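# Observations on the three-dimensional arrangement
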Amino acid sequence: MAQAKKIALYAVIIFAAYTIIHSPARSAELVQIGFEGISDAAKSVGEFMTQLIN
């Protein structure tokens, strides 16, 4: 089982490296979208907590 996890991890790393090298602009766009999603989620949690307090 541990061997399968290592192989899967290596496959993901190789795929990510290939994607970054093959299309850096698209990779940057995807990272930006991901960070925007995290930011929006954090803002929503903050607004929710603020509404709970009020």
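The following paragraphs examine the structure supplied in this document. Remember, it's a predicted structure, so these values are computed and weren't measured experimentally.

Quick notes on the rules
Residues numbered from 1 in each chain as written. Predicted model: local features only at pLDDT ≥ 70, side-chain atom pairs only at ≥ 80, totals over all residues. Heavy atoms only, no water. Helix = DSSP H or I, 4+ residues; strand = E, 2+ residues; numbered from the N terminus. Buried < 20%, exposed > 50% of the residue type's maximum accessible area, 1.4 Å probe, protein only. Areas by Shrake-Rupley, 256 points an atom, 1.4 Å probe, with all protein chains shown as cover. Lys, Arg positive; Asp, Glu negative; His and termini not counted. Charge placed at Lys NZ, Arg CZ, Asp CG, Glu CD. Salt bridge = Lys/Arg side-chain N within 4 Å of Asp/Glu carboxyl O. Patch = residues over 30% accessible without salt bridge, like charges linked within 9 Å, V, L, I, M, F, W, Y side chains within 5 Å.

### Topic: the overall build of the protein chain
On a plain count of helices and strands, the protein chain comes out with 2 helices and 0 strands. Overall, the protein chain is about 50 × 35 × 5 Å in size when its C-alpha atoms are taken along their principal axes. Going through the 54 residues of the protein chain one by one, you find that 2% of them count as buried. As displayed, the protein chain offers around 4900 Å² of accessible surface, 72% of which is attributable to carbon and sulfur atoms. Averaged over its 4 positive side-chain charges, the protein chain has a centre that lies 18 Å from the centre of its 4 negative ones.

### Focus: the pattern of salt bridges
The tally for this structure, following the rule as stated, stands at 1 salt bridge. One salt bridge in this structure joins Glu 29 and Arg 26, with 2.9 Å as the shortest N-O distance. Pair noted here: Glu 29 and Arg 26 are both in helix 2 (residues 24-53), with a separation of 3 residues, about one helical turn.

### Quick notes on a nonpolar patch on the surface
Taken together, the side chains of Leu 9, Tyr 10, Ile 13 and Ile 14 present a nonpolar region at the surface, about 440 Å² in accessible area. The residue Ile 13 is located in helix 1 (residues 2-22) in this model.

Any functional reading would require information that these geometric values do not contain.
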